[in-house]
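Residues per chain, in single letters:
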Amino acid sequence: MNQKLKIVADSAIPFLEGVLEDWAEVQYLPGKAISATDVRSADALIVRTRTRCDERLLAGSSVRFIATATIGFDHIDLDYCRRRGIEVATAAGCNARGVLQWVSGVLAYQAQAEGWSPAERTLGVVGVGHVGSLVKAYAEKWGFRVLCCDPPREAREHLGFLALEEVAREADILTFHTPLDASTYHLCNGDLLSGMKPEALILNASRGEVVDSESLLASGHPFALDVWEHEPDLHPELLACACVATPHIAGYSLQGKANATALSVRALARCFGLPLEAWYPASVQPTREREISWEEMRATIFDYFDPEAESRRLKSRAADFERLRDTYSYREEYF
């Protein structure tokens, strides 16, 4: 390669600095600050959700490749990128176990507060992809009755998943793990909530706009949220009423972050022919997947994720949402 690549990267992506510099000039910038001027001569971008990759950012640039170190891609205008011939890579599945452990912590916290066991609860899982599949598998082993809804997968695979309204009607706990698109915007709305058991608990660790905040508040249902409409500007009443409130960190595990950066680096390596297609941060031990009983999980999860402490922190410092997120100490995945 005669000339080094030019890469613009979000400075908050961990483990990345120093990895690409032998082959590229890398400019590290805060994600929200990356501008059209910054990317004009860039060959590639490595971003997170805080960088909106659309015509406004990319028009007139030399960008050929975008990697997002996130599972979501609603911050990227895929149609525009397709028309421009810009390859887009996501880190799908990177933090699935981190989100699983957030859900597990919320379940353990609520079970302790309300005095129930899994055999007494029906768990509805909406979106049975990387995260939802793990939640389903562990919850079934723990004794929950699990009902699933995933229309795209059901249409492709005929797995016996149920309609959303049926899952919601039966569920004592309803957890959302969908991407955000036109079909999932305000998927959890007033009509859905009105058909649920009055005390059914709503969990959302997908995207804030999947749940209609105003309808959720009006419904009186208890809820645990990691993602919020209009974040980082949180609805004060929504925040105050949440059983569990965290600043979009459900997937912020050490291994999840390492996976996300590794997937981004590997995708970029494939695109530009760099010798990094097997790269993984040397400082991180990959997760050793294992089964864990409900009893062991309940006894250990708060050592890794304490919903009560995290909720107190966010509720007392809502204006610091971005700072709490960016300075969060990554959790260790232990199952």
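Here's a quick rundown of the structure.

The rules behind the values
Residues numbered from 1 in each chain as written. Predicted model: local features only at pLDDT ≥ 70, side-chain atom pairs only at ≥ 80, totals over all residues. Heavy atoms only, no water. Helix = DSSP H or I, 4+ residues; strand = E, 2+ residues; numbered from the N terminus. Buried < 20%, exposed > 50% of the residue type's maximum accessible area, 1.4 Å probe, protein only. Polar contact = N/O pair within 3.5 Å; in protein donor to acceptor, adjacent residues only side chain to side chain. Contact = heavy atoms within 4.5 Å. 1 Å grid on protein atoms, 1.4 Å probe; cavity = no way out; pocket = protein on both sides within 12 Å on 5 of 7 lines; lining within 4 Å. Points joined across faces, edges and corners; volume = space filled by probe spheres on them. Nonpolar A, V, L, I, M, F, W, Y, C, P; charged D, E, K, R; others polar. Axes fitted to C-alpha atoms, helices over the stretch in contact; angles between N-to-C directions. Parallel < 35°, antiparallel > 145°, perpendicular 65-115°, else oblique. Left-handed = near helix turned anticlockwise from the far one by under 90°. Pairing = 2+ DSSP bridges. Phe/Tyr/Trp six-rings, centres within 6.5 Å; stacked < 30°, edge-to-face > 60°. Lys NZ or Arg CZ within 6 Å of the ring centre and 35° of its normal.

Among the secondary structure elements, His 186 is positioned in the loop between β8 (173-176) and α8 (190-194). For His 186, a relative accessible area of 18% gives the class buried. Of note is the side chain of His 186, whose polar atom sits 2.8 Å from the side chain of Glu 229. Setting aside anything within four residues of it in sequence, one finds His 186 in contact with Glu 209, Val 210, Val 211, Asp 212 and Glu 229.

Here the focus is empty space enclosed by the protein. Rolled over the atoms, a probe as big as a water molecule pinpoints where empty space is left. Within the structure shown, the criterion is met by 1 cavity of 30 Å³ or more. In this structure, the largest cavity occupies an estimated 40 Å³ of space. Taken together, Gly 208, Val 211, Ser 213, Leu 216, Leu 225, Val 227, Trp 228, Glu 229 and Leu 238 form the lining of the largest cavity. When the residues that make up the lining of the largest cavity are grouped by side-chain class, the tally is 6 nonpolar, 2 polar and 1 charged.

Moving on, we get to unusual backbone geometry. The peptide bond linking Glu 231 to Pro 232 adopts the cis configuration, its omega dihedral lying at 10 degrees. Inspection of the secondary structure puts Pro 232 in the loop between β10 (223-225) and α10 (236-241).

Moving on: the layout of surface pockets. Put simply, the largest pocket is a space of about 980 Å³. In terms of lining, the largest pocket is formed by 50 residues, of which the most central are Ile 71, His 177, Thr 178, Pro 179 and Leu 180. Elements with a contribution of two residues or more to the lining of the largest pocket: α5 (130-142), α6 (151-157) and α11 (254-272). At 4 residues, the largest contribution of residues to the lining of the largest pocket is made by α6. Partitioned by chemical class, the residues of the lining of the largest pocket number 22 nonpolar, 18 polar and 10 charged. Taken as a whole, the second largest pocket holds about 390 Å³ of empty space. Along its surface, the second largest pocket is lined by 16 residues, and Thr 49, Arg 50, Asp 74, Glu 209 and Glu 231 are the ones closest to its centre.

Attention now moves to the packing of helix α4 (residues 96-114) against α5. Closest axis-to-axis distance for the α4/α5 pair is 9 Å, and the angle between their directions is 45 degrees. Accordingly, the angle class assigned to the pair α4 and α5 is oblique. The hand of the α4/α5 crossing is right-handed. Counting all contacts with α4, which are made through Ala 96, Arg 97, Val 99, Leu 100, Val 103 and Ser 104, the residues of α5 involved are His 130, Val 131, Leu 134, Val 135, Tyr 138 and Trp 142. For the contact of α4 with α5, the per-class residue count stands at 9 nonpolar, 2 polar and 1 charged.

With respect to topology, 6 strands assemble into an open sheet ordered β7-β6-β8-β9-β10-β11, the strand pairing being parallel. Taken across any chain shown, the strands that pair with only one partner, and hence form the sheet edges, are β7 (145-149) and β11 (244-245). With 2 bridges connecting them, β10 and β11 associate as parallel partners. Across the sheet, residue Leu 225 finds its bridge partner in β11, namely Ala 245. Here α4 sits on the sheet and contacts β8, β9 (201-204), β10 and β11; the angle it forms with β9, its principal contact strand, is near 160 degrees.

With that settled, the discussion passes to the sheet that holds strand β4 (residues 65-68). In spatial order, the strands read β2-β1-β3-β4-β5; together these 5 strands make up an open sheet with parallel pairing. Of all strands in the sheet, those bounded by a partner on one side alone are β2 (24-29) and β5 (87-89). Here the average twist between neighbouring strands, direction ignored, is 15 degrees. The pairing of strand β1 (residues 5-10) with β2 spans 6 bridges and is parallel. Bridge pairing in β2 links Ile 7 to Val 26. Of the strands in this sheet, β1, β3 (44-47), β4 and β5 touch α11, which is tilted by about 165 degrees from β4.

Applying the stated criterion across every chain, the model contains 13 aromatic pairs. Ring geometry for Tyr 252 and Tyr 330: centres 5.9 Å apart, planes at 75 degrees, overall edge-to-face. Of the two residues, Tyr 252 is situated in the loop between β11 and α11 and Tyr 330 in the segment after α14 (321-326); the sequence distance between them amounts to 78 residues. What makes Tyr 330 partly exposed here is its relative accessible area of 29%. In this structure an aromatic cluster arises from ring pairing among Trp 116, Tyr 138, Trp 142, Phe 144, Trp 294, Tyr 304, Tyr 334 and Phe 335. Its end group placed over the ring of Tyr 138, Lys 141 keeps NZ or CZ at 5.5 Å from the ring centre. Directly above the ring of Tyr 252 sits Lys 257, whose terminal nitrogen or CZ lies 3.7 Å from the centroid.

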